[in-house]
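# Examining the three-dimensional arrangement
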Amino acid sequence: MRNNKQILGALLAIALLSFSSCKEPKKKQEQKPKKPNIVLLFVDDYGWADIGYRNDSFKTPNLNKLKTESLEFQKAYIPTPTCSPSRYSLLTGKEAVRGEMVRHIKIDPDNPDAKYSFWPKDPAQMPSINYMPLQEITYAERLKEFGYYNMFIGKWHLGHKKHYPTKQGFDKSYGVTDAGHPKSYYYPFFKPQDDPNGFLQSGVQEGDYLTSVLTDGAVDFIKDYNKEEPFMLSFWYYSVHTPTIGRKDLLEKYKKADIEEKYANHHAMVEAVDQSVGRVRKALEEKGIADNTIIIVLSDQGGMYKNGPLRGGKKGGDTLGEGGARVPFMIYYPGVTKPNSVSKVPVQSIDIYPTLIEIASGKICEDKQINGVSLLPILKGNTIQKRNLYFFRSYEDQYAAVISDHWKLIKYRSGKFQLYNLEKDISETKNLIGQGLPIENQLKTDLASWEEEAVPKYKMKKNNDNNES
């Protein structure tokens, strides 16, 4: 009997040990790594050269520090470098021209649902859609499928309230108006007709500065966030778009540095954005989530003022020059990106959409409606397949371009072409058209084929008032 009890006890011990061994791997399997939070800081009209580590007249200690921790894309571009189309491309992962948006939106207060607007000086008189259609799939809608909460703060400029962020996959928004820019960066910020819902009237007062108010909203969102799911915060600044009004305390510093007043205001606006970046990062640290939060910094187009050594800029008929189309772009992905690393691979803002999808899902992005490619391989220290980048906007004679590796071809309605080797001529001063280079014919053929495939065909013509983008 004793032997039977001993045998039974041994068998029971073995069974318990086996049961425990079987359960242990299951516990480990359930411990999935937490998905990272994502903060996208999208700055308006922020030039490639308007940053302290490229031009020490700008004081940007927070962005300088972020650069040392991030992967910087030195050849980053916007497919249609202007306000509304740049947002369209960022949200949808495709060139905005494919969605009929070739210029900034101009909402007619007498007919806010008008589908198209026109531009008097556009040689092609090409219509441009006045809103982002609701059927477009945004990165916010896709991230929601992977368990993300989406918060939007700041400038939308993709249509009136029927097309606001909460109609496009965002759970909540703050600071959204119908306007592409404020009437002043000091309160009251907007004309009543541009802010019909009073989003930026409550809780603010005389003397408040718009960039600071929006940053308060971002900081409060991070501080108060208490949901289990990860979040993506899309903070799209109105700065540093005109009107060029610097924060008064910062402006005095640049005036003393003997910088002309308009440019001094611009410097002050840039520093205010830099301080905003610092406040957002501090909020992440105080929340204890900085080590699991990706930070992306990007501009929507080139600068309004001095863009040297790059040629061109936001205005002046040369926006597809490097000064108008090339923008600051860096990504900090804790534990993934190598600190102070640089990529010279030409990329576009349409690449952010598939990058976000792959980060959120852990799988290859297979969305068929996009044109961008994931940058995750580059973030991990690898590379991506070579490709052409295409550009299109319809304001003036200059209207289309293509970049292939270090070669760039710019096309004009009048029939003129320009060809540059950006590796040897970043300032685009030496036009190589007509020198018998094989790349000239290749890029002309590529650009013509892309136009035939991507650019809508129109017959309608109309004139309208000229508004600032």
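Residues numbered from 1 in each chain as written. Predicted model: local features only at pLDDT ≥ 70, side-chain atom pairs only at ≥ 80, totals over all residues. Heavy atoms only, no water.

Counting its regular elements, the protein chain contains 11 helices and 16 strands. For 469 residues, the compact-globule formula gives about 23 Å, and the C-alpha radius of gyration of the protein chain, at 25 Å, lands near that figure. Each principal axis of the C-alpha distribution contributes one length, and for the protein chain these read about 105 × 60 × 45 Å. Taking all 469 residues of the protein chain together, the buried fraction comes to 57%. (Helix = DSSP H or I, 4+ residues; strand = E, 2+ residues; numbered from the N terminus. Rg over C-alpha atoms; globule rule 2.2 N^0.38 Å. Buried < 20%, exposed > 50% of the residue type's maximum accessible area, 1.4 Å probe, protein only.)

This next bit is on the nonpolar core. Within soluble globular proteins, side chains that are nonpolar tend to cluster in buried spots. Leu41, Phe221, Ile222, Phe231, Leu233, Phe235 and Leu284 are the most contacted members of the largest nonpolar core, which has 53 residues in total. Excluding anything up to four places from it in sequence, Leu41 contacts Phe235, Tyr237, Val277, Ile295, Ile296, Val297 and Leu298. Counting residues in hydrophobic clusters, the runner-up holds 51 residues, among them Ile38, Leu40, Ile294 and Leu375. (Core = buried A, V, L, I, M, F, W, Y, C linked by side-chain atoms within 4.5 Å. Contact = heavy atoms within 4.5 Å.)

To continue, consider the packing of aromatic side chains. For the coordinates displayed, the defined rule picks out 25 aromatic pairs. Measuring from ring centre to ring centre gives 6.1 Å for Tyr139 and Phe170, while their planes differ by 80°; the resulting arrangement is edge-to-face. Here Phe170 lies in the loop between β6 (149-154) and β7 (172-174) and Tyr139 lies in helix α4 (residues 139-145), a separation of 31 residues in the sequence. On the basis of relative accessibility, which here comes to 0%, the residue Tyr139 falls in the buried class. Note on Trp156 and Phe170: the rings are 6.2 Å apart at their centroids and 85° apart in plane angle, and the pair reads as edge-to-face. Placement of Trp156 in the loop between β6 and β7 and of Phe170 in the loop between β6 and β7 is noted, with a sequence separation of 14 residues between them. Judged on exposure class, the residue Trp156 and its partner Phe170 are both buried. Grouped by ring-pair contacts, the aromatic residues Phe42, Tyr139, Phe152, Trp156, Phe170 and Trp236 constitute a single cluster. The lysine or arginine in question, Arg326, covers the ring of Trp48, its NZ or CZ lying 5.2 Å from the ring centre. If you follow Arg413 out to its NZ or CZ, it ends over the ring of Tyr399, 3.9 Å from the centre. (Phe/Tyr/Trp six-rings, centres within 6.5 Å; stacked < 30°, edge-to-face > 60°. Lys NZ or Arg CZ within 6 Å of the ring centre and 35° of its normal.)

Another point: the domain arrangement of the protein chain. It is common to report an interface's size as the accessible area lost on association of the parts. Domain annotation of the protein chain identifies domain 1 (37-386) and domain 2 (398-454). Centre-to-centre separation of domain 1 and domain 2, based on C-alpha positions: 28 Å. Across the boundary between the two partners, domain 1 contributes 21 residues, which contact 20 residues of domain 2. Interface area lost by domain 1 to domain 2 is led by Arg98, Arg311 and Leu320, which between them contribute 37%. Across the contact surface, domain 1 and domain 2 share 4 salt bridges. As a salt-bridge pair, Asp405 and Lys386 come within 3.9 Å of each other at their nearest N and O atoms. The interface formed by domain 1 and domain 2 contains 13 residue pairs in polar contact (both at pLDDT 80 or more). In terms of residue class, the side of domain 1 that touches domain 2 is made up of 10 nonpolar, 3 polar and 8 charged. (Domains from an automatic or database assignment. Buried area = accessible area lost by both parts, 1.4 Å probe. Salt bridge = Lys/Arg side-chain N within 4 Å of Asp/Glu carboxyl O. Polar contact = N/O pair within 3.5 Å; in protein donor to acceptor, adjacent residues only side chain to side chain. Nonpolar A, V, L, I, M, F, W, Y, C, P; charged D, E, K, R; others polar.)

Bringing unusual backbone geometry into the picture now. The omega torsion across Ser239 and Val240 is 5°, close enough to zero to call that bond cis. Within the secondary structure, Val240 is located in the loop between β8 (231-236) and α6 (248-256). Omega for the peptide link from Thr242 to Pro243 comes to 5°, which places this bond in the cis form. Here Pro243 shows up in the loop between β8 and α6. Although it is not a glycine, Gln125 sits at a positive phi angle of roughly 45°. Looking at where Gln125 falls in the secondary structure, it is placed in the loop between β4 (116-117) and β5 (128-129). Phi at Asp258 is positive, roughly 65°, even though this residue is not glycine. Residue position: Asp258 is located in the loop between α6 and α7 (261-287).

With respect to the element layout, Gln435 can be found in the loop between β16 (417-421) and α11 (438-454). Sequence separation of Gln435 and Asn307 is 128 residues, and the distance between their C-alpha atoms is 28 Å.

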